[in-house]
Amino acid sequence: TKAAWAHEKTKQTISWAMCWVLLFLLLARAQEPPALQQTGGLCRTTYCGRGRECVVRQQTGQVECVCQEKCHSSFVPVCGSDGHFYENHCEVYRTACVQKRRIYVVHSKDCFFKVDTCSMAEYNKLKGMLLNMQHEGVAEGTPANAMNQRKVLVNTMFKYMDMNHDGRISSEELAQVIIYILLECTMQDLLRYDDYNNDGILNLQEFYTAFQVVQLSLPEEERVSITTVTVGLSTVLSCTIQGTLRPPIIWKRNGIVLNFLDLEDINDFGDDGSLYITKVITIHMGNYSCHAYGYEEMSQTHVLQVNVPPVILVYPETQAQEPGVAASLHCHADGIPNPKLTWLKNGLDLQPYSSKQLSLIANGSELHINSVRYEDTGAYTCIAKNEVGVDEDISSLFIEDSARKTLANILWREEGLSVGNMFYIFSDEGITILQPGNCEIRRHIKQSERIMATYEEMCPKSEGVTPQHCVWGSAVSVRNKYVYVSQPFQKRLLVIDTQAQKVVQAVETDPVPVRLFYDKSHDQVWVLSWGDIQKTHPTLQVIVQASVGELHRTIRTQFQRVEDFYIPPTNLIITHVRFGFVFLKVEPAVHKIDLETFHCIKTISLKNYSCVPVRMAYTHLSGYYFIQCQGKNHSSPSPQLLIDSVTDAVIGPNNGVTGSPFVSPDGRYVVTPDNQSKKLKVQTISFQGELQLKHELNISAPISDLVFQPSFTESNQYVAVASSALGSDLLISDLSTGRSELLRNLKEPLSSSHWPWGDVNRVVVSSGLFGQYLVTPAAQSLFVLDGRQSSLHCEVSDIKRGNTVVWVGEV
């Protein structure tokens, strides 16, 4: 038929076509250069790899691998890693050889219909399922550490896939791994995503990277790093934890994570994981730790020590003495490390060790001249020096007989002694101004004396009350120009001019003002008033520009229900304080306030510790706040809490210490009387910011008040002087050695019922940085103590309820 004839014709045509093709190939083979003709014998033992074939060059007879000219015609479509589709595997590798780049198969046949469906999310699912499959077969006893466990799983999986045990996983080995999971990705995608060096295989390190096996290292000698920086400069703490796939670095201070806090001075975390601290100050000293996120067991500790150049103060600046008397020149210097003191006279070195006339006391902090002569007149320079700086100041000494008084003599003797360096004692009878050296009462301001501005009586007589007497609360010295003192029942403060030694103004306050504090940084007097004797409406007020000679008035702050407040004191190193704290009634929190604006800027909760704050203290070394707590159960005291002023975070209890904290002026000692355990606990703060318990002292009775006095035998050391709330003894303890003694028989203090304005029914007041005298009142008299001799100096009688005392001095 016609159809059959056509079919036969087609078969003949195809046969002739195949013959022509065969003839063409034979002719082409005959015309091929002899150098490229294959030689089966020599190439039989040579393996050239996929996409290549073996030839023998006729000229040299050497075997050579070249790119395949063509592949066998089989249609098994695959996808190459370059994104192109190929008829079969051979075409993939031939193209890779010709183009001289690495191309591998990433999918099987179905990839022809699925374009880039193996996303990163799908790939991560594949790896997660592979890990889970391995996890099912892990024997018991796998390391508890999560990363070690993952490493074990990945090692097991690598050994399984490395079928020829050559330490490498090839594409062929991956192709033999059969998984029954419906995902868009295949085992070949391990090569696509994680073959970082593009060599067509996966080694163990690449396998670790694929399955996020993090390997970190920290040399043993670098586990603790010490950094020393001078105050005011910036520093960088570098975390030296290294490793592949190292997670982000986490920094902590006192257990508080710093990375997520918006800190003013720790405000930049670099890509290298370093911690940047700008304008370092003493609160920054202490320990910082760094670790990779999720790997806290490998941690590096950075100890930051902050050095401070010396700051010096001499006393007196000028003095005049008559021949034959003793004279002392005092020098005090703070700095980190402790400064060394030396003296010059008129610019020349002094040699006190070879002179019977001169002697240095307490490591040079006092220059003593036994019997002055005319040739001792001069300018004495005290020089303080440590590793990071030097400071100096001059104390002038004039030797004049009494008939030839110089201007310096007159100023020092008449003005200095009559106005400065006095105790102001407020008692029932009025105000007593006492010069402690010779126990001389310089002036007595009686109850009926008139106020200069208003001509009112200083202590008005209450109706039906006889005899007339004064009731005082709290008093502060304001730059030695004024003394502010509160009169709770008169709802006012009195302002006393220390030059005229007269009451010059009465400042009205909210009812029952009981506590005053002078903020030297801002020249402000803070006033806590109760509202009434039951403390039902307590408020907080401020008098600004307190040292300016004008009429003063109070400004009421926003705080209501105020239980108490705390403002850190200044010293030679810390001359400015920015923040204070307010406690509210029965509230487990402290409110941080800006001392310039009086606004609350942060509330620090103490609820987790069931702590209602009662009292605070502060050290600028490492920036610790110490909080005395009143717990829910009033019968058992709560431990002190520590707050880090860098982070404003509660660190936790202060090593089980309970009681009211007192911090020495240099910030190096924390003394806590624990009246329940009858212990006086002394803690030290090192220049590395470490808080440690130094020693404990036994106390026989509850402590009412405690004050610090500089040591007269060793520079940069302090003595603690504590009064008893019930007995007549006074405790004196050297904080550096722990040696203590009692001054006995100082008469009984005021009873608590006669002092309703607080817990301190017997105050102890020192006479400043260079003063050797202290005063403490009894119920009916006042005692002056000699701190240098640790002895009673004198008793001033007829001072009743003189429990409000303030020192007005030049230093």
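Fair warning: this is a prediction, and the values are worked out from it, not measured in the lab. (Residues numbered from 1 in each chain as written. Predicted model: local features only at pLDDT ≥ 70, side-chain atom pairs only at ≥ 80, totals over all residues. Heavy atoms only, no water.)

**Student:** Is there a simple way to think about the overall build of the protein in this case?
**Tutor:** Across its full length, the protein holds 9 helices and 57 strands. When the 811 residues of the protein are sorted by exposure, 49% land in the buried category. Of the contacts formed within the protein by residues at least 6 apart in sequence, a portion of 51% connects residues at least 24 apart. Carbon and sulfur atoms form 52% of the exposed surface of the protein, whose accessible area is close to 39,900 Å². (Helix = DSSP H or I, 4+ residues; strand = E, 2+ residues; numbered from the N terminus. Buried < 20%, exposed > 50% of the residue type's maximum accessible area, 1.4 Å probe, protein only. Contact = heavy atoms within 4.5 Å. Areas by Shrake-Rupley, 256 points an atom, 1.4 Å probe, with all protein chains shown as cover.)

**Student:** For this particular structure, what's the right way to read the packing of aromatic side chains?
**Tutor:** The tally for this structure, following the rule as stated, stands at 13 aromatic pairs. Measuring from ring centre to ring centre gives 5.5 Å for Phe489 and Trp757, while their planes differ by 70°; the resulting arrangement is edge-to-face. Within this pair, whereas Phe489 is found in the loop between β30 (482-487) and β31 (492-497), its partner Trp757 is found in the loop between β52 (740-743) and β53 (765-766), the two being separated by 268 residues in sequence. For Phe489, a relative accessible area of 55% puts it in the exposed group. (Phe/Tyr/Trp six-rings, centres within 6.5 Å; stacked < 30°, edge-to-face > 60°.)

**Student:** How should I be thinking about helix α3 (residues 89-99) in this particular structure?
**Tutor:** Along an α-helix, residues three or four apart share an orientation, since each turn contains 3.6 residues. Here α3 has its buried residues at Glu91, Val92, Tyr93, Thr95, Ala96 and Cys97. Where α3 ends, the next residue or the one after it, Lys100, has phi of about 55°, a positive value.

**Student:** What is the right way to look at the environment of Glu87 in this model?
**Tutor:** With respect to the element layout, Glu87 can be found in the loop between β4 (85-86) and α3. A sequence separation of 16 residues divides Glu87 from Cys71, and the C-alpha atoms of the two residues are 9.7 Å apart.

**Student:** Help me understand the pairing of strand β34 (residues 524-529), please; the structure alone is not making it clear to me.
**Tutor:** Walk down a regular strand and you will see the side chains alternate between the two sheet faces. Here β34 lies mainly inside the structure; 6 of its 6 residues are buried. The two faces of β34 match: Gln524, Trp526 and Leu528 on one face and Val525, Val527 and Ser529 on the other face are all buried. As judged from the 6 bridges shared by strand β33 (residues 513-519) and β34, these two strands associate in the antiparallel manner. Its bridge partner lying in β34, Asp519 is registered against Gln524. Connecting β33 to the next strand, β34, in antiparallel fashion are 4 residues, including Asp523 with a positive phi near 55°. Strand direction decides the pairing type here: β34 and strand β35 (residues 539-543), joined by 5 bridges, are antiparallel. Its bridge partner lying in β35, Trp526 is registered against Val542. (Pairing = 2+ DSSP bridges.)

**Student:** Any chance you could explain the nonpolar core here in plain terms?
**Tutor:** One recurring pattern in soluble globular proteins: nonpolar side chains tend to sit buried together. Counting 81 residues, the largest nonpolar core has Phe207, Phe211, Trp251, Tyr288, Val590, Phe626 and Ile627 as the members making the most contacts within it. Among the elements that line this core, the one with the most residues is helix α5 (residues 146-161), at 6 residues. Aside from chain neighbours lying at most four places away, what touches Val590 is Phe581, Val582, Phe583, Lys602, Thr603, Ile604, Leu606, Pro613, Met616, Ile627 and Ile643. Formed by 21 residues, the second largest nonpolar core is a distinct cluster that contains Phe517, Leu595, Phe598 and Trp755. (Core = buried A, V, L, I, M, F, W, Y, C linked by side-chain atoms within 4.5 Å.)

**Student:** Mind showing me how you'd approach α5 here?
**Tutor:** Counted at 1.5 Å a residue, the expected span for α5 with its 16 residues is 22 Å, and the 23 Å between its end C-alpha atoms agrees. Buried within α5 are the following residues: Met147, Leu153, Val154, Met157, Phe158 and Met161. Take α5 and look down its axis: the buried residues cluster within an arc of 135°, on one side only. Turned more than 90 degrees away from the buried face of α5 sit Lys159 and Tyr160, all of them exposed. (Expected span 1.5 Å × (residues − 1). Arc of directions from axis to C-beta.)

**Student:** Sorry if this is basic, but what is going on with the sheet that holds strand β38 (residues 579-584) here?
**Tutor:** Working definition: the strands of a sheet are paired by backbone hydrogen bonds and lie parallel or antiparallel to each other. Taken in spatial order, the 4 strands of this open sheet run β37-β38-β39-β40, and their pairing is antiparallel. Looking at which strands have only one partner, the edges of the open sheet turn out to be β37 (562-566) and β40 (600-605). Averaged over all adjacent pairs, the angle separating strand axes in this sheet is 25°, with direction ignored. (Axes fitted to C-alpha atoms, helices over the stretch in contact; angles between N-to-C directions.)

**Student:** Please clarify how the environment of Gln357 should be interpreted in this entry.
**Tutor:** By secondary structure assignment, the location of Gln357 is in the loop between β21 (348-349) and β22 (358-361). On the basis of relative accessible area, Gln357 is assigned to the buried category, the value being 15%. For the pair Gln357 and Asn370, spaced 13 residues apart in sequence, the C-alpha separation works out to 5.6 Å. When near neighbours in sequence (up to four residues on either side) are disregarded, Gln357 contacts His368, Ile369, Asn370, Ser371, Val372, Arg373 and Asp376. Engagement of the side chain of Gln357 in a polar contact is seen with the backbone oxygen of Ser371, the distance being 2.3 Å. Of note is the side chain of Gln357, whose polar atom sits 3.2 Å from the side chain of Asp376. (Polar contact = N/O pair within 3.5 Å; in protein donor to acceptor, adjacent residues only side chain to side chain.)

**Student:** When you look at the sheet that holds strand β24 (residues 378-386) in this model, what are you seeing that I'm missing?
**Tutor:** Ordered in space as β18-β25-β24-β20-β21, the 5 strands form an open sheet in which the pairing is mixed. Unpaired on one side and paired on the other, β18 (318-321) and β21 mark the two borders of the sheet.

**Student:** Help me out: how do you make sense of the state of the cysteines in this one?
**Tutor:** With the rule as written, the count across this model stands at 9 disulfides. Two residues, Cys239 and Cys290, share a disulfide whose sulfurs are 2.2 Å apart. Because the sign of the S-S torsion sets the handedness, a value of about 85° for the bond joining Cys239 and Cys290 places this disulfide among the right-handed ones. Highlighted residues: Cys239 in the loop between β10 (235-237) and β11 (242-244) and Cys290 in strand β16 (residues 286-292), separated in sequence by 51 residues. A relative accessible area of 0% places Cys290 in the buried class. Between the sulfur of Cys439 and that of Cys794 lies a disulfide, 1.6 Å long from S to S. Across the S-S bond linking Cys439 and Cys794, the dihedral sits near -95°, which makes this disulfide left-handed. On the criterion of sequence distance, the pair formed by Cys439 in the loop between β27 (430-435) and β28 (440-446) and Cys794 in strand β56 (residues 791-797) is long-range, its members being 355 residues apart. Overall, Cys439 belongs to the partly exposed group, its relative accessible area being 22%. Classification of Cys794 by relative accessible area gives buried; the value is 15%. (Disulfide = S-S within 2.5 Å.)

**Student:** Honestly, unusual backbone geometry in this entry has me stumped. Any pointers?
**Tutor:** With the exception of glycine, most residues fall at negative phi, and the peptide bonds are largely trans. Cis geometry is found at the peptide bond from Tyr315 to Pro316, where omega equals -10°. As for its placement among the helices and strands, Pro316 is situated in the loop between β17 (295-315) and β18. A cis amide bond, omega -5°, links Ile336 with the succeeding residue Pro337. With respect to the secondary-structure elements, Pro337 resides in the loop between β19 (327-336) and β20 (340-345).

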